[in-house]
Amino acid sequence: CGAGGSYYQLLLAGVGAAAAESGLPPAAMATLSDRFDRRMLAGATSIFMLAPYVGGGIALGAGGALFSALQTWDYSRIPLIGSLAPWQLLFVIVGAPGMLFALPFLAITDKRPAEARASGSMGRWEILRLFRARPALYLAYSCAMSVNIGLLGCYIAWLPTAVQRSTGLDAGAIGTVIGPVYL
């Protein structure tokens, strides 16, 4: 996103990020269920499910403060980043440590024996049989989660702009105002 210079480049980056993030919840739930026993699984799942909200609030607050600071810094002579706008540099500054933080997760392996891995996985047809056995439940769940995620996504994406337009606060101040509210 930090390298995007046009609407279409940002749109493509956003679609790519969304596509990558869409695979996280099922994989995370499977990993958590492999790593935690039944007594601890609900707590681990709850912490995982809270992460976007806590992270979103922190990101808005810290991002707003950093964006304000970047607008006053002269980084034009620094190679590779000197030509970036403050909002682009913000994406780079916030994203780079995340990439480093993600590296250790490449070492996570499946601790189950090979025969347990092979027998414990559901095939595509088994999943379709489950959907066919209770279609109303799966349809209602899918619709409810889609609406929930859509509303929460719109909230975090458009609330800062709505507050900025109605109050006249600058973009840096918006994050420091809304970040704690979002938490």
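Below, the structure is looked at part by part. (Residues numbered from 1 in each chain as written. Predicted model: local features only at pLDDT ≥ 70, side-chain atom pairs only at ≥ 80, totals over all residues. Heavy atoms only, no water.)

### With respect to the overall build of the protein
Right, so step 1: Counting secondary structure elements, the protein contains 8 helices and 0 strands.
Right, so step 2: Traced from its N-terminal end to its C-terminal end, the protein shows the element sequence α-α-α-α-α-α-α-α.
Right, so step 3: Looking at the protein as a whole, 14% of its 183 residues are labelled buried.
Right, so step 4: By sequence separation, contacts in the protein at least 24 residues apart represent 53% of the contacts at least 6 residues apart.
Right, so step 5: Within the structure as shown, the protein displays about 13500 Å² of accessible surface, and the carbon and sulfur contribution to it stands at 70%. (Helix = DSSP H or I, 4+ residues; strand = E, 2+ residues; numbered from the N terminus. Buried < 20%, exposed > 50% of the residue type's maximum accessible area, 1.4 Å probe, protein only. Contact = heavy atoms within 4.5 Å. Areas by Shrake-Rupley, 256 points an atom, 1.4 Å probe, with all protein chains shown as cover.)

### Focus: the pattern of salt bridges
Right, so step 1: Summed over all chains, the structure comprises 1 salt bridge.
Right, so step 2: We note a salt bridge from Arg39 to Asp37, for which the minimum N-O separation is 3.5 Å.
Right, so step 3: For Asp37, a relative accessible area of 39% translates into the label partly exposed. (Salt bridge = Lys/Arg side-chain N within 4 Å of Asp/Glu carboxyl O.)

### Observations regarding the packing of aromatic side chains
The geometry of two aromatic rings is summed up by the distance between their centres and the angle between their planes.
Right, so step 1: Counting across every chain of the model gives 2 aromatic pairs.
Right, so step 2: Ring plane angle 85° and centroid distance 6.3 Å describe the contact between Trp87 and Phe91, whose orientation is recorded as edge-to-face. Within this pair, Trp87 and its partner Phe91 are both found in helix α4 (residues 86-102), separated by 4 residues, close to a single helical turn. (Phe/Tyr/Trp six-rings, centres within 6.5 Å; stacked < 30°, edge-to-face > 60°.)

### Re a nonpolar patch on the surface
Right, so step 1: Side chains of Leu50, Tyr53, Val54, Ile58 and Leu183 sit close together on the surface and give an oily, nonpolar patch of about 460 Å² of accessible area.
Right, so step 2: Turning to its location among the elements, Tyr53 is positioned in helix α3 (residues 38-70).
Right, so step 3: Here Tyr53 falls in the partly exposed class, since its relative accessible area comes to 31%. (Patch = residues over 30% accessible without salt bridge, like charges linked within 9 Å, V, L, I, M, F, W, Y side chains within 5 Å.)

### Let's talk about helix α8 (residues 171-182)
Right, so step 1: For α8, spanning 12 residues, the distance from its first C-alpha to its last is 16 Å, which sits close to the expected 16 Å at 1.5 Å a residue.
Right, so step 2: Taken together, the buried positions of α8 are occupied by Gly172, Ile174, Gly175, Ile178, Gly179 and Tyr182. All buried residues of α8 project into a common sector of 140° when viewed along the axis, lining one side. Exposed side chains of α8 directed beyond 90 degrees from the buried face belong to Pro180 and Val181. (Expected span 1.5 Å × (residues − 1). Arc of directions from axis to C-beta.)

### Quick word on the packing of α3 against α8
Right, so step 1: One can describe the packing of α3 onto α8 by two numbers: an axis separation of 7 Å at closest approach and a directional angle of 160°. Regarding the angle of α3 to α8, the classification is roughly antiparallel. Helix-helix and strand crossings are classified by hand; for α3 and α8 the assignment is left-handed. From α3, Pro52, Tyr53, Gly56, Gly57, Leu60, Gly61, Gly64, Ala65, Phe67 and Ser68 reach across to α8, where they touch Ala171, Gly172, Ala173, Gly175, Thr176, Ile178, Gly179 and Tyr182. (Axes fitted to C-alpha atoms, helices over the stretch in contact; angles between N-to-C directions. Parallel < 35°, antiparallel > 145°, perpendicular 65-115°, else oblique. Left-handed = near helix turned anticlockwise from the far one by under 90°.)

### Let's talk about the packing of helix α7 (residues 135-167) against α8
Right, so step 1: Put simply, α7 and α8 touch, their axes get as near as 10 Å, and they point 125° apart. One element, α7, and the other, α8, form an angle in the oblique class. Where α7 crosses over α8, the two elements pack in a sense that is right-handed. Where α7 approaches α8, its residues Tyr155, Ile156, Leu159, Pro160, Val163, Gln164 and Thr167 are matched on the opposing element by Ala171, Ile174, Ile178, Val181 and Tyr182.
Right, so step 2: Per-class residue counts for the contact of α7 with α8 are 10 nonpolar, 2 polar and no charged. (Nonpolar A, V, L, I, M, F, W, Y, C, P; charged D, E, K, R; others polar.)

### Remarks on the nonpolar core
Right, so step 1: Phe67, Leu70, Tyr75, Leu84, Leu89 and Leu90 form the largest nonpolar core, which has 6 residues in total.
Right, so step 2: Secondary structure elements with two or more residues in this core: α3 and α4.
Right, so step 3: Apart from the residues lying within four places of it in its own chain, the contact partners of Tyr75 are Leu70, Ile81, Gly82, Leu84, Ala85, Pro86 and Leu89.
Right, so step 4: Among the nonpolar cores identified, the runner-up in size contains 5 residues, and Leu60, Val163, Ile174 and Tyr182 belong to it. (Core = buried A, V, L, I, M, F, W, Y, C linked by side-chain atoms within 4.5 Å.)

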